[in-house]
Amino acid sequence: MRMCHHSIFQRKILIFFFPIQGKMVFNGENKSVFGTIKSEDAALWVDHAIYMMCGGIPWQAYFQRVLSSRDAKVARTLSVFAGFGCFCAAIPAVVVGVITLNTDWASVEGVAHELNEGNYKLAVPLCLNYLCPPVITFIGLGAVSAAVMSSTDSSVLGVSCMFTRNVFQRVFYPKATDKQMMWALRVTIVFNTCAAMVIAITVKSVYGLYLICSDLVFVLLFPHLVLVIHYPHLVNRYGMVVGFFTAFLLRALSGEPVLGYDAILKFPGYAEGEDGKVGHQKFPFRLVCMLVHLLLCLAVSRLTDYLYQNGHMTDKMDVLKEYSSENTNNNNSNGNNKDVVIENTYPIEALKNESANGTSNGVANGQNGHTNGHTNGYTNGHC
C-alpha cells in the first residue's frame, strides 16, 4: 500500500509539474514542430505504430495491476482509463519538447550552441537547468529521479521473482524449500542488477531501450498471449516453443541500430549504413516476425496433434510431456492445452461472504451464550 501511494504521488508531481515548467520556459517563438514522413519510410512507421500499441499489452507491470483487481469489470475499467491517462500524461512531455525546439540555445548562457538531433534527449535536463527557477529545478529533478529509481527497483524485483518462481522452482528444482527459494531470489536480483548496470553504461539511449523492450515483447510474447487467452485449444507446448525460438532467431538476425550491430537477414528496402553507422530495416519486419511466430505456433501444434493421434508420435518421443497421461487427465474435454490458461481463482467474494457469515454467526453465538448464561444463572439462583 505504501508503494502504491508513493507511485501515485510521483505521477501527480510529474503530471502537474511539467505544465508549470512549460509555462515558465516558453519564450513565445514559433517554429514548426512537425516533420515529414517520406514515402519509403511509411511501412517503417506503420511497423513502429503497431508494435508500440500491441507490444505494450503483455507487460508484467500491466498484468500485475489487472490480476490484482477485484473482478473483471474493475480490470476493464482500469485498463480503459489507464489508456486515457497515459495519453494525457504524455502531453506535458510533448510541450517540453516543443519548448526545447523553440528555444534559442545559442543565446543561453552555459550552452552557447544550438541543439542538434543527437542532443534532443537532453531536452528535459536543459530546460530544468537553464530555463527554470531553482525551486522548479529541484522539484523536477527530484520527481524524475524518484520515478526512475522506483520503476527500476520494481522491474528488477518483478523479473527476479518471476524467474525464481517460474524457472528455478517449476523447471529446475520443484522441491525447493522456502530458504532455497529466498537464496535463489537474492542471487537473481544481484545478477539482474549487474546486467541492468552494464546495459545502462553501454547503451546511451533510454528511449531506444524502451523501444527494444516493446519490440521483443511484441515479437515474442504477444502471439503467446493472444493464443493462450483466446485459442488455447489450438496450441500446445511444441507449437509455443518452436514459434518462440524461431521468432527470436528472425528478430536477432534482423539487426538493431540501438545495440550497434548490422542485420544479417536484410528485408526488401534495407538502408545500408554510412560513415561507419549500421543500417536499418525499412520493411515492417517486426510485424512479419510476429506473424511467423503466430502461424508457427498454430501449424506446429496442429502437426504434433495429428502425429500423436495417428500413432506416429509415441509417448517416448513426447519430450515436453504434452500428451502424457498426467497432463491429459488434468485437461478438460475442450482441448489439450487448458492447463496453460491462468485463471483468477482467488476467492475474494467467497472470503467476503465467509467473513460476513462468520461475523453474523459470532454475534448470534455471543447473544445466545449471553442469554443462556443469564437464564441458567437466574434458574440456579432461584433453585
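Residues numbered from 1 in each chain as written. Predicted model: local features only at pLDDT ≥ 70, side-chain atom pairs only at ≥ 80, totals over all residues. Heavy atoms only, no water.

## A word on the overall build of the protein chain
- Helix and strand content of the protein chain: 12 helices and 0 strands.
- Going from the N terminus to the C terminus, the protein chain shows its helices and strands as α-α-α-α-α-α-α-α-α-α-α-α.
- Within the protein chain, contacts between residues at least 6 apart in sequence are counted, and of these 65% link residues at least 24 apart.
- When the accessible surface of the protein chain is summed, it comes to about 25600 Å², and 66% of that surface belongs to carbon and sulfur atoms. (Helix = DSSP H or I, 4+ residues; strand = E, 2+ residues; numbered from the N terminus. Contact = heavy atoms within 4.5 Å. Areas by Shrake-Rupley, 256 points an atom, 1.4 Å probe, with all protein chains shown as cover.)

## A short note on the side chain of Thr188
- Tracing the chain through its elements places Thr188 in helix α7 (residues 178–202).
- In this structure, Thr188 is in contact with Ser160, Phe163 and Thr164, ignoring residues within four places of it in sequence.

## A look at the environment of Leu287
- Along the polypeptide, Leu287 turns up in helix α10 (residues 285–309).
- Put simply, Leu287 and Asp47 are 240 residues apart on the chain and 6.3 Å apart in space, counted from C-alpha to C-alpha.
- Not counting chain neighbours up to four residues away, the residues in contact with Leu287 comprise Asp47, Ile50 and Phe218.

## Details of the nonpolar core
- In this structure, Tyr51, Leu211, Phe218, Val219, Leu220, Phe222, Ala247, Cys289 and Met290 together form the largest nonpolar core, which totals 9 residues.
- Contributions of two or more residues to this core are made by α8 (206–230) and α10.
- At 5 residues, the largest contribution of residues to this core is made by α8.
- Setting aside its immediate chain neighbours within four residues, Tyr51 contacts Gly56, Leu211, Ser214, Asp215, Phe218 and Arg286.
- Listed in part, the 8 residues of the second largest apolar core include Val96, Val108, Leu115 and Leu126. (Core = buried A, V, L, I, M, F, W, Y, C linked by side-chain atoms within 4.5 Å. Buried < 20%, exposed > 50% of the residue type's maximum accessible area, 1.4 Å probe, protein only.)

## Section: the packing of helix α9 (residues 237–253) against α10
- Two elements in contact, α9 and α10, have axes whose closest approach is 7 Å; the angle formed by their N-to-C orientations is 155°. Regarding the angle of α9 to α10, the classification is roughly antiparallel. In this structure, the crossing between α9 and α10 has a hand that is right-handed. For the pair α9 and α10, the contacting residues are Tyr238, Gly239, Met240, Val242, Gly243, Phe244, Thr246, Ala247, Leu250 and Arg251 in the first and Phe285, Arg286, Cys289, Val292, His293, Leu296, Cys297, Val300, Ser301 and Thr304 in the second.
- In the contact of α9 with α10, the residues fall into 12 nonpolar, 6 polar and 2 charged. (Axes fitted to C-alpha atoms, helices over the stretch in contact; angles between N-to-C directions. Parallel < 35°, antiparallel > 145°, perpendicular 65-115°, else oblique. Left-handed = near helix turned anticlockwise from the far one by under 90°. Nonpolar A, V, L, I, M, F, W, Y, C, P; charged D, E, K, R; others polar.)

## Let's talk about the confidence of the model for the protein chain
- For the protein chain, per-residue confidence averages 76 on the pLDDT scale, and 75% of positions sit at 70 or higher.
- When mean pLDDT is compared element by element in the protein chain, α10 scores highest at 94, while helix α12 (residues 348–382) scores lowest at 48. (pLDDT = per-residue confidence, 0-100.)

## A few points about a nonpolar patch on the surface
- Residues Val241, Phe245, Val319 and Leu320 make up a contiguous nonpolar surface patch of roughly 370 Å² in combined accessible area.
- Along the chain, Leu320 turns up in the loop between α10 and α11 (325–330). (Patch = residues over 30% accessible without salt bridge, like charges linked within 9 Å, V, L, I, M, F, W, Y side chains within 5 Å. Salt bridge = Lys/Arg side-chain N within 4 Å of Asp/Glu carboxyl O.)

## Quick look at the side chain of Asn236
- Mapped onto the secondary structure, Asn236 falls in the loop between α8 and α9.
- By relative accessible area, which is 1% here, Asn236 ends up buried.
- A polar atom in the side chain of Asn236 sits 3.1 Å from the backbone nitrogen of Tyr238. (Polar contact = N/O pair within 3.5 Å; in protein donor to acceptor, adjacent residues only side chain to side chain.)

## Here we look at helix α2 (residues 42–54)
- Along its 13 residues, α2 runs 18 Å from first to last C-alpha, staying within 8% of the 18 Å computed at 1.5 Å per residue.
- Taken together, the buried positions of α2 are Leu44, Asp47 and Tyr51. Angularly, the buried residues of α2 cover 60° about the axis, an arc narrow enough to put them on a single face. In α2, the exposed residues that point more than 90 degrees away from the buried face are Trp45 and Met53.
- Buried residues along α2 sit in contact with α8 and α10. (Expected span 1.5 Å × (residues − 1). Arc of directions from axis to C-beta.)

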